[in-house]
Amino acid sequence: MLIPCPHCGTRPVEEFTFLGDAAPTRPTTNDPSSMEAWYEYVYLRNNPRGTIDEYAHHSGGCRAWLVVQRNTETHEVYGAVTARAFASRKEAVAKGEQA
Amino acid sequence: MTERTFNRVSPLQDVAVQGRFGADRGAVGVSFTVRHPMSIITVIARAGQGAATAEALKGYDAQWAGPDQWFVLAEGRGEGALYRELKSKLSGLASVSDQSHGRVIIRIAGTKARAVLAKGTPVDLHADVFPAGKSALTQMAHVGVHLTRVDADTYDLSVFRGFSESFWEWITEQAEEFGYQVI
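Bear in mind the structure is a predicted one, so any value in this text is a computation, not a measurement.

**Topic: the overall build of chain A**
Turning to step 1, where the next piece is worked out: Scanning chain A for helices and strands turns up two helices and six strands.
Turning to step 2, where the next piece is worked out: Taken from the N to the C terminus, the helices and strands of chain A come in the order β-β-β-α-β-β-β-α.
Turning to step 3, where the next piece is worked out: When the backbone C-alpha atoms are referred to their principal axes, chain A occupies close to 45 × 25 × 25 Å.
Turning to step 4, where the next piece is worked out: Here chain A, with 99 residues, has 33% of them falling under the buried criterion.
Turning to step 5, where the next piece is worked out: Taking the intrachain contacts of chain A between residues at least 6 apart in sequence as the baseline, contacts between residues at least 24 apart amount to 46%.
Turning to step 6, where the next piece is worked out: In the structure as shown, chain A presents an accessible area of about 6500 Å², 52% of it carried by carbon and sulfur atoms.
Turning to step 7, where the next piece is worked out: Positive and negative side-chain charges in chain A, numbering 10 and 12 respectively, have mean positions lying 7 Å apart.

**Quick look at the nonpolar core**
Residue and element names in this part refer to chain B.
Turning to step 1, where the next piece is worked out: Counting 30 residues, the largest nonpolar core has Phe32, Ile108, Leu117, Leu147, Leu157 and Phe167 as its most contacted members.
Turning to step 2, where the next piece is worked out: Put simply, the parts of the chain that give this core at least two residues each are strand E2 (30-35), strand E7 (103-109), helix H3 (113-118), strand E8 (135-140), strand E9 (143-151), strand E10 (154-160), helix H4 (161-175) and strand E11 (180-182).
Turning to step 3, where the next piece is worked out: For this core, the element with the highest residue contribution is H4, accounting for five residues.
Turning to step 4, where the next piece is worked out: Not counting chain neighbours up to four residues away, the residues in contact with leucine 147 comprise Leu117, Leu125, Phe130, Lys134, Ser135, Ala136, Met140, Tyr155, Asp156 and Leu157.
Turning to step 5, where the next piece is worked out: The next biggest cluster of nonpolar side chains, apart from the first, holds 14 residues, and it includes Ile41, Val43, Ala45 and Leu90.

**As for the interface of chain B and chain A**
Turning to step 1, where the next piece is worked out: Contacts between the two partners involve eleven residues from chain B and, on the opposite side, eleven residues from chain A.
Turning to step 2, where the next piece is worked out: When the buried area of chain B at its contact with chain A is split by residue, Pro67, Leu137 and Gln139 of chain B rank highest and sum to 53% of it.
Turning to step 3, where the next piece is worked out: At the boundary of chain B with chain A, the tally comes to zero salt bridges.
Turning to step 4, where the next piece is worked out: Across the contact surface, chain B and chain A share three residue pairs in polar contact (both at pLDDT 80 or more).
Turning to step 5, where the next piece is worked out: The element that contributes the greatest number of residues to the side of chain B that touches chain A is E8 of chain B, accounting for four residues.
Turning to step 6, where the next piece is worked out: Tallied by class, residues from the side of chain B that touches chain A come to seven nonpolar, four polar and no charged.

**Side note on the sheet that holds E9 of chain B**
All names here are of chain B.
Turning to step 1, where the next piece is worked out: Pairing is mixed in the open sheet, where seven strands are placed in the order E1-E11-E2-E7-E10-E9-E8. Of all the strands in the sheet, the pair left with one neighbour each is strand E1 (19-21) and E8. Here the strands of the sheet are splayed against their neighbours by 25° on average, with no regard to which way each runs.
Turning to step 2, where the next piece is worked out: Pairing geometry for E8 and E9, over six bridges, is antiparallel. Bridge pairing links alanine 136 to leucine 147 in E9.
Turning to step 3, where the next piece is worked out: Relative to the sheet, H4 contacts E2, E7, E8, E9, E10 and E11, its axis offset from that of E10 by approximately 140°.

What counts and how
Here the residue numbering is sequential within each chain, running from 1 through the sequence in written order. Key to labels: chains lettered from A, ligands numbered from 1, both in the order written. Residues qualify for local features only when their pLDDT is at least 70, as the model is predicted, and side-chain atom pairs are given and counted only at 80 or more; totals for whole chains, interfaces and linings, by contrast, use all residues. Only hydrogens and water are set aside when side-chain values are computed; all heavy atoms of the structure are taken into account. Helix and strand assignments follow DSSP, with helices taken as H or I runs no shorter than four residues and strands as E runs no shorter than two, numbered in order from the N terminus. Accessible area is worked out with a 1.4 Å probe on protein chains only. A residue is then buried under 20% of its type maximum, exposed over 50%, and partly exposed in between. Contacts are assigned to residue pairs that have any heavy atoms within 4.5 Å of one another. Accessible surface area values rest on a Shrake-Rupley calculation with a 1.4 Å probe, where residue burial reflects the displayed protein chains alone. The sign given to each residue is positive for Lys and Arg and negative for Asp and Glu; His and the chain ends receive no count. Here the site of a charge means atom NZ of a Lys, CZ of an Arg, CG of an Asp or CD of a Glu. Grouping buried Ala, Val, Leu, Ile, Met, Phe, Trp, Tyr and Cys residues that are joined through side-chain atoms within 4.5 Å yields what is termed a nonpolar core. By convention, the term buried area covers the 1.4 Å-probe accessible surface removed from two parts as they join, with the contributions of both added. A pairing counts as a salt bridge when a side-chain nitrogen of Lys or Arg comes within 4 Å of a carboxyl oxygen of Asp or Glu. Polar contacts, as counted here, are pairs of nitrogen or oxygen atoms within 3.5 Å of one another; within protein the pair requires one atom able to donate a hydrogen and one able to accept it, and residues that are adjacent in sequence qualify only if both atoms are side-chain atoms. Only Asp, Glu, Lys and Arg are considered charged in this grouping, and only Ala, Val, Leu, Ile, Met, Phe, Trp, Tyr, Cys and Pro are considered nonpolar; every other residue, Gly among them, is considered polar. Two strands make a pair as long as DSSP finds a minimum of two bridges between them. Note on geometry: axes are lines fitted to C-alpha atoms, helical ones only across the stretch in contact, with angles between N-to-C directions running from 0 to 180 degrees.

Any functional reading would require information that these geometric values do not contain.
Spelled out as structure tokens, the structure:
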């Protein structure tokens, strides 16, 4: 599996360390009413068949945190962005939904 | 009290023995040199200061070492001199740390240098995409390597000191089929 690192170019998966699904959003408050959201964030994961965004650390390269989009069924890799870019995109989408 | 000065000893001193090894007919395929002693400084730009730091590093031998990160190298400078200079120059722009004792730079040169490196790294070393002056961070034999192309047939390999002996044994073994010289 080849991953297109935005800093280093195309590299093999052996250079990367995967953390897991990038979809869950960390709750921003410790308020008791948010415990349900914390429970979901910490424990509950989907196991999609198809496209998934996952955190990957380029530990054998530039040491940057990335989010790699791939297909769990076909193993096709669609692309990789920095975790920072992914987070701001997710934030923008969340704001759009609120508005 | 008497002032003591310590000579810096290369971690490869007892391993990198001069001479010719491996295939012993014809010209050697590659030669190895341990660049020692070197001043090696890590520079990591503060948030949003990447471009300003790159600008301030003009005129130095600065090699890309990750997003907004560089290794700044110097030969023949006194212990800590380059560190102190960069520390004051980049104040407020970047974090600076002295890695001179932490890393070893092995230079591999020769017509077969690319063939030797290709055994270990997935980085495309074709001159069109990896020209002289370009650096890449990669792994060879499970060891993290900072790889820089110096010119058409010369590369510098910067590895952590603690891994350098193991790495030396691996890379010289890869060069045996071409014949290699340690200078």
